[in-house]
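Architecture and fold: a report
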Amino acid sequence: MKRKRCDMEEATKKKKMTAIGSAIEELSVLSIAKTTIVTTKTETTNIINKIGPTMAVLRQDIDQNIQRLEKMWETDPIVYSNLVEILRKEAKEGSSKKPKSCSRAAVWLTRAMDFTLALLQRLVKDMSQNMQQAVEESYNLTIKPWHGWISCAAFKVALKLVPNNNTFINVLAGKDESYQMVQDDIRSLISLLIPLLSQLHSILELYEVHKLKST
């Protein structure tokens, strides 16, 4: 019994070292009302980094948007640990739709999470599918409708740098993890992302910022 417990603890440690495992651990204990959107999105969008230089532009946007939200949080960590309070403040000020607003940052970070979810859902259905196609389809579904032509053109060029399927899975996997273990981890993460994103979209719609396009 003791040996079995030790084995389980060791397996947990290995999972935590992966991007998927880290996101699962973080999302398992978070709620929109009690945590910053920054923490959640930093964990889940780490997966985007594994796609390589293809997502350089998207990663840059993510970093900038996280910094914007962090600056707001630093002005009053107790009040602005809640995304709703940030959106409410800007709605009252009439600044929600300004180019540098935190509301706009939250919208684009949510879309990055939408992209991550869409990609993982495609991947878990078929771990051997063409990665370039999976990335392109996920982008077209979640981010392209809100991008301007310059961003769309940049993504089209970057798409050529998407790693092959085996490379991507190996980067996601922990040491000695099989494809089945990675697939199980992805399913666990998906089950956490779906309700979280549902809440986020409801909040963004409530404050009428969900349809903001790139400036």
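Residues numbered from 1 in each chain as written. Predicted model: local features only at pLDDT ≥ 70, side-chain atom pairs only at ≥ 80, totals over all residues. Heavy atoms only, no water.

The protein appears in an unreviewed UniProt entry as Glycolipid transfer protein domain-containing protein from Brassica campestris.

Some words on the pattern of salt bridges
For clarity, the cut-off: Should a side-chain nitrogen of Lys or Arg be within 4 Å of a carboxyl oxygen of Asp or Glu, the pair is scored as a salt bridge. A run of H or I in DSSP counts as a helix once it spans at least four residues, and a run of E counts as a strand once it spans at least two, with each numbered from the N terminus. Only protein chains enter the accessibility calculation, which uses a 1.4 Å probe; a residue whose area is less than 20% of its type maximum is buried, one above 50% is exposed, and one in between is partly exposed.
All chains considered together, the criterion is met by four salt bridges. A salt bridge links glutamate 85 to arginine 88; its shortest N-O distance comes to 2.5 Å. Of the two residues, glutamate 85 and arginine 88 are both situated in helix α5 (residues 83-93); the distance of three residues between them amounts to about one turn of the helix. For glutamate 85, a relative accessible area of 26% translates into the label partly exposed. Glutamate 93 is the partner of lysine 89 in a salt bridge, and the nearest nitrogen-oxygen pair spans 2.7 Å. With lysine 89 and glutamate 93 both in helix α5 and four residues apart, this pair spans about one turn of that helix.

Overview of helix α8 (residues 149-158)
Heads up, the rule is: Each direction from the helix axis to a C-beta atom contributes to the arc, which is the arc of those directions. Residues count as neighbours in contact if any of their non-hydrogen atoms are within 4.5 Å of one another.
Listed in full, the buried residues belonging to α8 are Cys152, Phe155 and Ala158. Each buried residue of α8 sits inside an arc of 125 degrees when the element is viewed along its axis, so together they form one side. Exposed and oriented more than 90 degrees from the buried face of α8 are Trp149, Ile150, Lys156 and Val157. Looking at the buried side of α8, the elements it contacts are α7 (131-142).

Observations concerning the environment of histidine 147
Heads up, the rule is: The definition of a polar contact used here is a pair of N or O atoms within 3.5 Å, where within protein one atom must be able to donate a hydrogen and the other to accept one, and adjacent residues in sequence count solely through side-chain atom pairs.
Structurally, histidine 147 is set in the loop between α7 and α8. Residue class for histidine 147 comes out buried when judged on its relative accessible area of 18%. For the pair formed by histidine 147 and serine 214, sequence separation is 67 residues and the distance between their alpha carbons is 5.6 Å. At 2.8 Å, the side chain of histidine 147 forms a polar contact with the side chain of tyrosine 139.

Some remarks on the packing of helix α6 (residues 102-125) against helix α10 (residues 179-206)
Quick note on the threshold: What counts as an axis is a line fitted to C-alpha atoms, over the stretch in contact for a helix, and the angles between N-to-C directions run from 0 to 180 degrees. An angle counts as roughly parallel when it lies under 35 degrees, as roughly antiparallel when it exceeds 145, as roughly perpendicular when it falls between 65 and 115, and as oblique in every other case. Crossing chirality is assigned from the near helix's rotation relative to the far helix, an anticlockwise turn below a right angle marking it left-handed and a clockwise turn marking it right-handed. Throughout, the ten residues Ala, Val, Leu, Ile, Met, Phe, Trp, Tyr, Cys and Pro are labelled nonpolar, Asp, Glu, Lys and Arg are labelled charged, and all others, Gly among them, are labelled polar.
Interhelical geometry of α6 versus α10 gives an angle of 150 degrees and a closest axis separation of 9 Å. When the axes of α6 and α10 are compared, the pair comes out roughly antiparallel. Seen along the crossing, α6 lies across α10 with a hand that is left-handed. Between α6, through Ala106, Val107, Thr110, Met113, Asp114, Leu117, Leu120, Gln121, Leu123 and Val124, and α10, the contact on the second element is made entirely by Gln183, Ile186, Arg187, Leu189, Ile190, Leu193, Ile194, Leu196, Leu197, Leu200, His201 and Leu204. Split by residue class, the contact of α6 with α10 holds 16 nonpolar, four polar and two charged.

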